[in-house]
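One letter stands for each residue in the lines below.
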Amino acid sequence: MNASRRFLPSISALMCFEAVARLGSATQAAAELSLTQSAVSRQLKSLEAQLGIALLERRGRQLCLTPKGETYVNEVRAVLQRLKTASIAACTDAEDATLNLSILPAFGMHWLAPRLRDFAQEHPEVTVNLSTRLAPFDFRGTRFDAAIHFGREDWAGANHMPLMPEVVVPVCSPSLISTPVADPQAILKYDLLHLETRARGWQRWFQTLDLEPNLPPGMVFDQFSTMAQAAIHGLGIALLPVFVAEPYLNNNQLVLASTHTTQSIGKYFLVWPSNSKESRSLTAFRAWLRQQTDS
């Protein structure tokens, strides 16, 4: 056997090895792969002979990985996954294998990104590319297939799929307020942090409590992420969407200044051009996104 052939085992042998390593049994691996137990055993012996190392050893009724086998199986799994992905892509039109999505920073970072692994597992044939845009744009002349939009159904030349309302909650550093205040007007003793695109956010929050106070001054930010950091460092109280606030609340960087929540004037939408053919990747993404927001 020439040197190059020695280090290129067959796909069948690698699949048998991976299945046995995962299941601990040639019999179970054979059932999963629709082979006979003897065929799986032959593939394992052939692979070990080809590499000149022991990959598995028997312990009682179980087949267990040797130290070299433990290292090798991780590489084998990565190679098999890449080969599967490449094969799917080869069978798919290039334009249907990619989804270029424009996102809003906070929604993309705190809501969408943590869920994208699920989409990738359901649709390994689709690669999602994310880019940030803060304001609506004309899809014509851009590479974007779709975008995340906040506000109303007012994106010209686009279809709109409602995702969710924006529910906001007041949060601050534990050094400012240790427990939620019982009287919302107590919040007025502190600086309030504002977002440029939600200029009347605090007014609406107080109005839902039938209050019309004179608001204290406070810093203005263009993104939720920087406003959250300012709140963490004790610069004031911020109104953050619940999905943005939750990670900071969970790790105690922020606490609730009040338990009262309210909805912003506007919703999140997925939008896509109404005058162009919808790709299979966008169809798959829309269906998946609908499942995520309905659950």
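Here, the structure is the one placed above.
These numbers come from a predicted model, not from an experiment.

Novice: Go over the overall build of the chain, please, and point to the residues and values.
Specialist: Across its full length, the chain holds ten helices and eleven strands. Reported as C-alpha extents along the three principal axes, the dimensions of the chain are approximately 85 × 50 × 30 Å. In the chain, 75% of the contacts between residues at least 6 apart in sequence involve partners at least 24 apart. Computed over 27 positive and 26 negative side-chain charges, the separation of the two mean positions in the chain equals 10 Å.

Novice: Residues and numbers for the layout of surface pockets, please.
Specialist: Here the largest pocket is characterised by a volume of approximately 530 Å³. When residues of the lining of the largest pocket are traced back to their parent elements, those giving at least two are α6 (105–122), β5 (146–151), α8 (224–232) and β11 (262–273). Of all the elements, β5 adds the most residues to the lining of the largest pocket, at five residues. For the lining of the largest pocket, the residue count by class is 17 nonpolar, six polar and seven charged.

Novice: Now, about the pattern of salt bridges: what can you tell me, with residues and values included?
Specialist: Summed over all chains, the structure comprises eight salt bridges. Arg-22 serves as the salt-bridge partner of Glu-18, at 2.9 Å between the closest nitrogen and oxygen. Of this pair, Glu-18 and Arg-22 both sit in helix α2 (residues 11–23), four residues apart, which is roughly one turn of the helix. With relative accessibility at 12%, the residue Glu-18 sits in the buried group. The closest approach of N and O atoms between Arg-140 and Asp-138, which form a salt bridge, is 2.8 Å. By relative accessible area, Arg-140 is classed as exposed at 63%.

Novice: Which residues make up the side chain of Ser-279, and what are the values?
Specialist: With respect to the helices and strands, Ser-279 occurs in the loop between β11 and α10 (280–294). Residue classification places Ser-279 among the buried residues on the basis of a relative accessible area of 13%. Polar contacts involving the side chain of Ser-279 include one to the side chain of Ser-281, which spans 2.9 Å.

Novice: Can you explain a nonpolar patch on the surface? Please cite residues and give values.
Specialist: On the surface, a cluster of nonpolar side chains totalling about 240 Å² of accessible area is made up of Ile-11, Met-15 and Leu-83. On the secondary structure map, Met-15 appears in helix α2. For Met-15, a relative accessible area of 38% gives the class partly exposed.

Reading guide: rules and limits
- Residues numbered from 1 in each chain as written.
- Predicted model: local features only at pLDDT ≥ 70, side-chain atom pairs only at ≥ 80, totals over all residues.
- Heavy atoms only, no water.
- Helix = DSSP H or I, 4+ residues; strand = E, 2+ residues; numbered from the N terminus.
- Contact = heavy atoms within 4.5 Å.
- Lys, Arg positive; Asp, Glu negative; His and termini not counted.
- Charge placed at Lys NZ, Arg CZ, Asp CG, Glu CD.
- 1 Å grid on protein atoms, 1.4 Å probe; cavity = no way out; pocket = protein on both sides within 12 Å on 5 of 7 lines; lining within 4 Å.
- Points joined across faces, edges and corners; volume = space filled by probe spheres on them.
- Nonpolar A, V, L, I, M, F, W, Y, C, P; charged D, E, K, R; others polar.
- Salt bridge = Lys/Arg side-chain N within 4 Å of Asp/Glu carboxyl O.
- Buried < 20%, exposed > 50% of the residue type's maximum accessible area, 1.4 Å probe, protein only.
- Polar contact = N/O pair within 3.5 Å; in protein donor to acceptor, adjacent residues only side chain to side chain.
- Patch = residues over 30% accessible without salt bridge, like charges linked within 9 Å, V, L, I, M, F, W, Y side chains within 5 Å.
- Areas by Shrake-Rupley, 256 points an atom, 1.4 Å probe, with all protein chains shown as cover.

Everything listed here is a matter of geometry and, on its own, says nothing about what the molecule does.
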